[in-house]
Structure formats: structure tokens, C-alpha cells
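# Residue-level structural notes
The primary structure of each chain is shown beneath.
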Amino acid sequence: MRHFQALSAEPDLFLHPPEDIRRDTDPELRAVALGATLYTPGIRPDLVRDVSRQAAAGAGAVVLCVEDSVADADLPEAEQHVIDALHTLSTHDEATLPQLFVRVRTPEHLTDVLGRCSDAALGVLSGVVLPKFENPGDAGLAWFDALDAVNARLDDTHRLLVMPILESPRIIRRETRTRALADIRRLLLDRRRDVLAVRIGATDLSSVFGLRRPVDLTVYDVQVLASVIGDVVNVLGRSQGGFVVTGTVWEHFPDAERMFRPRLRTTPFEQAGDLALRRRLLLDGFDGLLREVSLDRANGLIGKTVIHPRHVPVVNALSVVSHEEFADASDVLATDGGGVAASRYRNKMNEMKPHHFWAERTLLRARAFGVAAPDVGFVDLLERSLP
């Protein structure tokens, strides 16, 4: 899989194009390359066609879900859809497929569903999404015991990795959060080689308080959710010994009703000569998504869960490293002894030691999503990648 593969015929967009991401690629790079991770209910009748279309539209990661998106009565049918789809997809060229995951319900469900898959079907998977992940009294070990049993069937270089979702009431309630996160951190560090990334489940967390954010507010406007994000990054997303933590779900379809004025500036679109694109983004309600992705990055989150294919190019376009970011990161990492220097763009100060980890993360993102050419901005990328 390679991001922006459809734009490979337009070399003027990238100073450095994205790299290929394979099953045997370094897991840290695979985690950063998740980008817009698209969830697809397992009950859909033609998952093979869905995955192929989503990959062609730019989705670098797809989750086939047999958890909350599937009604209990439909679960057996959804399970069979997923198993059949994995068998069929195992015959496809790996280069045409996104990173594929299955979201199951419990450790026992993981064992049951993946136990019914052939080795070839398992070979097309990148990993498993673990919902409502907790670890009180080492209860989280059951997930890894189930994972170990599946991985025993696979070559070590193609082992399945997990993405735990933090979304339980113990995570959002203030009096239990610190202990809950500490217990989770201890287990995930013990099983680090099995963990691709950590996800935050905003929908389940909101449900504890009966909340739901509208399309023109971000998750950071909902203070009980914003506090969880800050604490999760604090405990699990540290520069030393941390994990990739991904952004919460953007659950709104295009054309949702809105109350407040948009905050998407006109200037970048005027400079690119494409005010029509700005109007299109506003009509689709994507200005809220653009703002939330920007705030995700500022708060230490990488990538985002999405539920509609049209969200994918928006999230991924904002994941491309700008030429300015690349210049700053390269200059920071080129200096070993510390110190401070003005940015090449003469608009900020680079401090070599404090900005070191930011620079490393930026260059990792550059490998996954590419570096834009000097005069290319996110408007240019959106214009050429939106369907």
C-alpha cells in the first residue's frame, strides 16, 4: 500500500513521495501510516468490493467490524461475510490492499472468528482491533493469549498486531482513570511488540454522559472528552516509551445540519485559485473535520477513525508533511549539540533539543505520507485527491 498512489503521475506535488507500506514494514511506520482508518460494518453484503473501492479511493487502513456496528441478531451473518471476504482478498495482489483489521467483541470472539479463517485468509490481515480495552487485575491478558494462539499459525514476520480501543467508563471517570491507564500502560509495555497503535473511542466515552458532539464542534470542545485525550497522551503517548495514539472518530456524514459559522479561512483557497473547493468543503461540513484533525496533531494524535470514504482524502491530505515542516525537522536532526537557530522560513525559532522528538515524528510521517513540494499546500492536495 502507498498513500496517494493515484497521484503518482503528478510528480509536481511531492518533493519526496510516500513510501510503500507492507506487512513486514517496521511497525512504527505502519502505525503512522494508518492515516484515515475507515470502519466498515461486517454485515455489508459485498465486503470485497467495499475494500477494493475504498483502497482505490485512498484508504490506507480498513477495519471490518463485527462489534458495535452489527446488531446482535445479525452477528452470525456478519462473521461469515468477514471470513468469506478475507478468503477472497487473500487471492488479491497485496499492493492493491490497505492495511486490513478485524474488530471483534471479546477475546473468545477473536478466537472463534479468526479460528474459522484459513492461514491464507489470516495472511491478508494486519491485525485485530480490541474494543473497550481494560486491564484491571491483568484481565487484558486474555486478549493477548487469544492473539498468541492465532499468531502461532503464522510466520513471525507476518504476525497480527493489535490496536486496543480505550473507551470504557473506567477511562472517562475521573476517580478511576489514573489507575486504569496505569494498568493498561503496564500491560501494553510488556507486550509492546504486539501493539501497533492505541485508539480512543469517543462514541462510547460520550455515552457515559449521554453526550454527542454536533458537526460544527470538535471533540476538544467537549471538555470531558478533551480531558481523556490529554491523559491518554500523557500516559501512553510519551516521547520515551510511548505508543502511536490515533484520533477519535469523525462520525458525521456530509451535508449534516449546522448551527455555527465556519472557521475555514478563505486565504489558502484564494492563493490556490480554488474558492469553489472551499465552498464544497463547507457544504459537506468538512471544515469541522479539518479543524479537528489539526487539533489532533497539536495534541499528539496521529491518524483518525472515519466512517465515510469521503473523509479519507481530507484526513490524509492534512497528514502530508509540508516543505516548511520538513525543512525545520531536517535542520533540527542535523544538529547534535543542541542550540537554537531561526527556521529557514524565517518565521519561527528551532530549538534543537526540545524539538528533537517532534522532528523524528515529522520525518516518520514524511515517509508515510510524503513531503509536499515547496509551493504545494493542503488545498492543492485536497483539490487533486477529492473525488
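Above: the structure in question.
A brief structural summary.

Conventions adopted
- Residues numbered from 1 in each chain as written.
- Predicted model: local features only at pLDDT ≥ 70, side-chain atom pairs only at ≥ 80, totals over all residues.
- Heavy atoms only, no water.
- Helix = DSSP H or I, 4+ residues; strand = E, 2+ residues; numbered from the N terminus.
- Buried < 20%, exposed > 50% of the residue type's maximum accessible area, 1.4 Å probe, protein only.
- Pairing = 2+ DSSP bridges.
- Contact = heavy atoms within 4.5 Å.
- Axes fitted to C-alpha atoms, helices over the stretch in contact; angles between N-to-C directions.
- Phe/Tyr/Trp six-rings, centres within 6.5 Å; stacked < 30°, edge-to-face > 60°.
- Core = buried A, V, L, I, M, F, W, Y, C linked by side-chain atoms within 4.5 Å.
- Expected span 1.5 Å × (residues − 1).
- Right-handed = clockwise from strand over helix to strand, strands pointing away.
- Left-handed = near helix turned anticlockwise from the far one by under 90°.
- Nonpolar A, V, L, I, M, F, W, Y, C, P; charged D, E, K, R; others polar.

Before going further, it helps to spend a moment on the overall build of the chain. In terms of regular secondary structure, the chain is built from 17 helices and 12 strands. With respect to the principal axes defined by its C-alpha atoms, the chain has extents near 55 × 45 × 45 Å. The buried share among the 387 residues of the chain stands at 52%.

Next up on the list: the sheet that holds strand S8 (residues 247-250). Pairing in this open sheet of 8 strands is parallel, and the strands run S7-S6-S5-S4-S3-S2-S9-S8 from one edge to the other. A strand with exactly one partner marks an edge of an open sheet, and here the two such strands are strand S7 (199-200) and S8. Summarising the sheet, strand S5 (residues 127-130) and strand S6 (residues 161-166) pair through 4 bridges and their orientation is parallel. Each bridged residue has a counterpart across the sheet, and for Gly127 the counterpart in S6 is Leu161. Its contacts with the sheet put helix H2 (residues 47-56) on strand S2 (36-41), strand S3 (61-65) and strand S4 (99-103), and the angle it makes with S2 is roughly 165°. Most of the contacts of helix H13 (residues 286-298) go to S8, to which it runs at about 170°, and overall it touches S8 and strand S9 (304-306).

To continue, consider the packing of aromatic side chains. Under the defined criterion, the tally for this structure stands at 2 aromatic pairs. Consider the rings of Phe4 and Phe14, whose centres lie 5.6 Å apart with planes at 50°: the pair is tilted. Of the two residues, Phe4 sits in the segment before strand S1 (14-16) while Phe14 sits in strand S1, which places them 10 residues apart along the sequence. For Phe4, a relative accessible area of 13% gives the class buried. Ring geometry for Phe133 and Phe144: centres 6.4 Å apart, planes at 90°, overall edge-to-face. Of this pair, Phe133 sits in the loop between S5 and helix H6 (141-151) while Phe144 sits in helix H6, and the two are 11 residues apart along the sequence.

A separate point is the nonpolar core. Residues Leu86, Leu110, Leu114, Phe133, Leu166 and Leu281 are the most contacted members of the largest nonpolar core, which totals 118 residues. Considering each element in turn, this core owes the most residues, 8 residues, to helix H10 (residues 223-236).

Right, let's get into helix H16 (residues 356-369). An α-helical turn contains 3.6 residues, so a residue and the one three or four places further along point in the same direction. Across its 14 residues, H16 extends 20 Å between first and last C-alpha, which sits within 8% of the 20 Å expected from 1.5 Å per residue. Turning to H16, its buried residues are Ala359, Thr362, Leu364, Arg365, Ala366, Ala368 and Phe369. Within two residues after H16, Gly370 carries a phi angle of roughly 90°, on the positive side.

Unlike most non-glycine residues, Lys132 shows phi in positive territory, near 50°. Backbone geometry at Asp138 places phi at a positive 65°, although glycine is not the residue there. With respect to the secondary-structure elements, Asp138 resides in the loop between S5 and H6. Classification of Asp138 as partly exposed rests on a relative accessible area of 33%.

This brings us to the pairing of S6. For S6, a buried count of 6 out of 6 residues is recorded, marking the element as mostly surrounded by other parts of the structure. Side chains of S6 alternate between two faces, with Leu161, Met163 and Ile165 and Val162, Pro164 and Leu166 buried alike. At this point the chain moves from S5, through H6, to the parallel S6, and the crossover so formed is right-handed.

With that out of the way, let us pick up the packing of H13 against helix H14 (residues 312-319). Working note: a packed helix pair is described by the angle between its axes plus the distance between those axes. In contact at an axis separation of 10 Å, H13 and H14 are set at 35° when each is read in the N-to-C sense. As for the relative orientation of H13 and H14, their crossing is right-handed in sense. Along its contact with H13, which presents Phe286, Leu289, Leu290, Val293, Ser294 and Arg297, the element H14 presents Val314, Val315, Leu318 and Ser319. Of the residues assigned to the contact of H13 with H14, the class counts are 7 nonpolar, 2 polar and 1 charged.

Turning to the side chain of Thr218, a few remarks are in order. Examined against the element boundaries, Thr218 turns out to sit in the loop between helix H9 (202-207) and H10. Apart from residues lying up to four places away in sequence, Thr218 is in contact with Arg213, Gly288, Arg291, Glu292 and Leu295.

Read these as spatial facts, not as claims about activity.
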